[in-house]
Amino acid sequence: MARVALVTGGTRGIGEAISRGLKEAGFTVAATYGGNDEAANKFKEETGIHVFKWDVGDFDACKAGIAKVEADLGPVDVLVNNAGITRDGTLHRMTPENWRAVISTNLDSLFNMTRNVIEGMRDRNYGRIISISSINGQKGQFGQANYSAAKAGVFGFTKAVAQESAAKGITVNAIAPGYIGTEMVRAVPEEVLNTKILPLIPVGRLGEPEEIARCVVFLAGEDAGFITGATLTANGGQYMA
Ligand code: CAA
C-alpha cells in the first residue's frame, strides 16, 4: 500500500509542486490549505489529490484535520510542514498582529501538526518529517524580523525532534530554499527584487518550485533513513551556511 504524505499549504506555490512530486513518486497525498478555495478546487481537479481546509496555526483544528485525513486515507507516514506566509515590514513599523500571524502560521504550525502525527509514527516505528524553512531563517532578511525568527525556529525544532525520534525510525529534516519564483516572491516590490535580491544569487535566477519538491521527495524516501536533523539548502549559492 502506498504511504500517505500530508503537505500543509499543499495546493499553491512550493507546496503545490511538493504535492505533485510526492504523488508522482507513488505516495497517497493529502494537501491542506488555509483559505483560497478557488485555487484548491482547481488544484484538486487538475491533480486528483485530496484537499483539506484548516488553519495550521490552530492546534485543535490540526488535531481534527489529521484525524479526518487518517480516517479517509490511512496513517500519515510523511509530514511536510510547508504552509507559510509573509507580512514583511521593518521592525520599527511592525504591528503585533503581523508578528503573531507569521509566528503562528510558520512556526506554531510545526508543533500543532507534528505533535498530532508523532505518536502514531512512534507506534509504527516509521516516519518522515520535513519542514520548509528559508534562507532568511539562516541569514536574516531586511524587512522580515517575524519571518526570519519563525524560519530560524524551524531549525531548532528539527534538531530537537530528530534526536527524540531517531531510535523510532523517524527522520526529521529541514529544507532551506532561497528565492523561488512563486507568488510570495513576486509580491516583493520589483525594484527591491531586481536591485537587492537577484544580483545576490550566483546562479543568476530564481529557483523553481520543482527544485524544492525534488529535495522533499528525496528526504521522504525510505532509503533516506540515515539523514536526520539535517538542513538541505537549495538557494542558487546565495548563502552558504
Ligand atoms: N537591504 C538594505 N537596505 C534595504 C533593503 C535591503 N534588503 N531593502 C530596502 N532597503 C532600504 C531601501 O533602500 C531604503 O533606503 P533609503 O531610504 O535610503 O532609500 C529603505 O531601506 C526603506 O526601503 P523601502 O522604501 O522599500 O521601505 P518600505 O518600508 O516601503 O519597505 C520592505 C520595506 C517591506 C522591507 C521592502 O523593502 C521589502 O518588501 N523588502 C523585501 C523583503 C524580502 O526580501 N522578503 C522576502 C519575501 S519572499 C520570502 O520570504 C520567501 C523566502 O523564504 C525567501
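Only a predicted model underlies this, so the values are computations on that prediction, with no experimental measurement involved. (Residues numbered from 1 in each chain as written. Predicted model: local features only at pLDDT ≥ 70, side-chain atom pairs only at ≥ 80, totals over all residues. Heavy atoms only, no water.)

Participant: How do you make sense of the nonpolar core when you look at a structure like this?
Facilitator: Soluble globular proteins tend to bury their nonpolar side chains together. One finds I18, L22, V80, I175 and V216 to be the most contacted residues of the largest nonpolar core, which totals 26 residues. For this core, the elements supplying multiple residues, two or more each, are β1 (4-7), α1 (13-24), β2 (28-33), α2 (37-47), β4 (76-81), β5 (127-132) and α9 (209-220). For this core, the leading source of residues is α9, giving 6 residues. With near-sequence residues (within four places) excluded, L22 lies in contact with A5, V7, F27, V29, V80, V216, V217 and A220. By size, the runner-up hydrophobic cluster in this structure holds 23 residues, among which are W54, A61, V76 and M113. (Core = buried A, V, L, I, M, F, W, Y, C linked by side-chain atoms within 4.5 Å. Buried < 20%, exposed > 50% of the residue type's maximum accessible area, 1.4 Å probe, protein only. Helix = DSSP H or I, 4+ residues; strand = E, 2+ residues; numbered from the N terminus. Contact = heavy atoms within 4.5 Å.)

Participant: Sorry if this is basic, but what is going on with the site of the ligand here?
Facilitator: Around the ligand, a shell composed of 19 residues is seen, among which D88, R93, S134, Y147 and Y179 lie nearest. One of the side-chain N or O atoms of D88 is found 2.8 Å from a nitrogen atom in the ligand. Interatomic distance of 2.9 Å between a side-chain N/O atom of R93 and an oxygen atom of the ligand. Across the complex, the protein chains shield 62% of the 1000 Å² of accessible surface that the ligand would expose by itself. For the shell around the ligand, the element with the most residues is helix α8 (residues 190-197), which contributes 3 residues. Broken down by class, the residue content of the shell around the ligand amounts to 9 nonpolar, 7 polar and 3 charged. (Near = heavy atom within 4 Å. Polar contact = N/O pair within 3.5 Å; in protein donor to acceptor, adjacent residues only side chain to side chain. Areas by Shrake-Rupley, 256 points an atom, 1.4 Å probe, with all protein chains shown as cover. Nonpolar A, V, L, I, M, F, W, Y, C, P; charged D, E, K, R; others polar.)

Participant: Could you clarify how one ought to interpret the packing of aromatic side chains in this entry?
Facilitator: Both the distance between ring centres and the angle between the ring planes are used here to describe each pair of aromatic rings. One pass over the structure, following the stated rule, counts 1 aromatic pair. For the ring pair F59 and F111, a centre distance of 5.7 Å and an interplane angle of 25° mean the geometry is stacked. Placement of the pair is F59 in helix α3 (residues 59-73) and F111 in helix α4 (residues 96-124), with a sequence separation of 52 residues. Here F111 falls in the partly exposed class, since its relative accessible area comes to 45%. (Phe/Tyr/Trp six-rings, centres within 6.5 Å; stacked < 30°, edge-to-face > 60°.)

Participant: What should I look at first to understand the pairing of β1 in this one?
Facilitator: Regular strands place their side chains on alternate faces of the sheet. Covered by surrounding structure in β1 are V4 and L6 together with A5 and V7, the residues of both alternating faces. For β1 and β2, the ladder comprises 4 bridges, and the chain directions are parallel. Bridge pairing in β2 links V4 to T28. Two strands pair when backbone bridges link them, and β1 and β4 are joined in this way by 4 bridges, in the parallel orientation. Its bridge partner lying in β4, V4 is registered against V76. (Pairing = 2+ DSSP bridges.)

Participant: Help me out: how do you make sense of α2 in this one?
Facilitator: Of the residues making up α2, those classed as buried are A40, F43 and T47. In an axial view of α2, the angular spread of the buried residues amounts to 65°, which keeps them on one side of the axis. Facing away from the buried surface of α2 by more than 90 degrees, the exposed residues are E38, K42 and E45. In the stretch just after α2, G48 is the one whose phi turns positive, near 75°. (Arc of directions from axis to C-beta.)

Participant: Whenever I open this one, the sheet that holds strand β7 (residues 231-234) confuses me. Can you help?
Facilitator: Backbone-to-backbone hydrogen bonds join strands into a sheet, with any given pair of strands oriented parallel or antiparallel. Spatially, 7 strands are ordered β3-β2-β1-β4-β5-β6-β7 in an open sheet, and the strand pairing comes out parallel. Either end of the sheet is taken by a strand with one partner, and the two such strands are β3 (50-53) and β7. Averaged over all pairs of adjacent strands, the angle between their axes in this sheet comes to 20°, without regard to strand direction. Across the sheet, α1 touches β1, β2, β4, β5 and β6 (170-177), and the angle it forms with β1 is around 175°. Set on the sheet, α3 makes contact with β1, β2, β3 and β4; between it and β3 the angle comes to about 160°. (Axes fitted to C-alpha atoms, helices over the stretch in contact; angles between N-to-C directions.)

Participant: When you look at the side chain of S133 in this model, what are you seeing that I'm missing?
Facilitator: Position of S133 among the secondary structure elements: in the loop between β5 and α5 (135-139). A relative accessible area of 2% places S133 in the buried class. Apart from the residues lying within four places of it in its own chain, the contact partners of S133 are K151, V154, F155, I175, A176 and P177.

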